[in-house]
Amino acid sequence: MFKFFNNTAKNSRFWWRLVSFWTVAVYAAIIFNFVKSGIYDKELDALLVIYIAMLAIYAGDKEFERWHDHHSGRHPGEVFVFFWTILIMAIGACQFIFNKPGGLTSDVVAAYIAVLSVLAVTRRSRAIYYQKRRRQKE
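Reference entry: report on the structure contained in this document. (Residues numbered from 1 in each chain as written. Predicted model: local features only at pLDDT ≥ 70, side-chain atom pairs only at ≥ 80, totals over all residues. Heavy atoms only, no water.)

## A word on the overall build of the protein
Thinking step 1. Check the secondary structure of the protein and you find five helices and zero strands.
Thinking step 2. Expressed as a percentage of the 138 residues in the protein, the buried residues total 30%.
Thinking step 3. Contacts in the protein between residues at least 24 apart in sequence constitute 78% of all its contacts with a sequence separation of at least 6.
Thinking step 4. Here the protein displays about 9,100 Å² of accessible surface, and carbon together with sulfur accounts for 67% of that area. (Helix = DSSP H or I, 4+ residues; strand = E, 2+ residues; numbered from the N terminus. Buried < 20%, exposed > 50% of the residue type's maximum accessible area, 1.4 Å probe, protein only. Contact = heavy atoms within 4.5 Å. Areas by Shrake-Rupley, 256 points an atom, 1.4 Å probe, with all protein chains shown as cover.)

## Things to note about helix H5 (residues 106-137)
Thinking step 1. An ideal rise of 1.5 Å per residue puts 46 Å on 32 residues; H5 measures up with 47 Å between its terminal C-alpha atoms.
Thinking step 2. For H5, every residue scored as buried is listed here: Val108, Ala111, Tyr112, Val115, Val118, Leu119, Thr122, Ser125, Arg126 and Tyr129. (Expected span 1.5 Å × (residues − 1).)

## A short note on the side chain of Asn33
Thinking step 1. Within the fold, Asn33 resides in helix H2 (residues 12-35).
Thinking step 2. The exposure class of Asn33 is buried, given its relative accessible area of 1%.
Thinking step 3. Those residues in contact with Asn33 that lie beyond four places of it in its chain are Gly38, Ile39, Tyr40, Asp41 and Leu44.

## Brief notes about the nonpolar core
Soluble, globular proteins show a tendency: their nonpolar side chains are buried together.
Thinking step 1. Residues Val19, Val26, Ile30, Leu48, Tyr51 and Trp84 are the most contacted members of the largest nonpolar core, which totals 27 residues.
Thinking step 2. Elements that contribute at least two residues to this core include exactly H2, helix H3 (41-67), helix H4 (77-98) and H5.
Thinking step 3. No other element matches H2, which puts eight residues into this core.
Thinking step 4. Sequence-distant contacts of Val26, that is, excluding residues within four places in its chain, are made with Leu47, Leu48, Tyr51 and Trp84. (Core = buried A, V, L, I, M, F, W, Y, C linked by side-chain atoms within 4.5 Å.)

## A word on the environment of Leu104
Thinking step 1. Looking at the secondary structure, you find Leu104 in the loop between H4 and H5.
Thinking step 2. We classify Leu104 as partly exposed; its relative accessible area is 29%.
Thinking step 3. Taking C-alpha positions, Leu104 is 6.2 Å from Gly92, a pair spaced 12 residues apart along the chain.
Thinking step 4. Discounting chain neighbours no more than four positions away, the residues touching Leu104 are Ile88, Ile91, Gly92, Gln95 and Val109.

On their own, these measurements won't tell you what the molecule is for.
Okay, here's the thing in structure tokens:
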């Protein structure tokens, strides 16, 4: 059993699947909380903290693998940011149109900013990595 967890934890595909699952779960929780007028704000906050932690682990692991020339897959973070942006805009618009409490809480906005930050850091790391590799080949 420990061998399974040891091999799984090292597999970046595992982390990608886990982050993808949590992304869908968090989106559903945000929408559900909005529909229920924010009565699950505290529970949502806990989910957002777990989600951001997993996203940071995945992104950090992916960059570490890249810098040690072990990263072979490509799962662009822009996709996560695109869907987060759509979700934030839709919830904000619905909150305004329907004059409904809940929705874009400070924690949801903070999670969105964290997702944007993770993307910015990983994009910069990738750019520096490729610049360094080009210089080494010259």
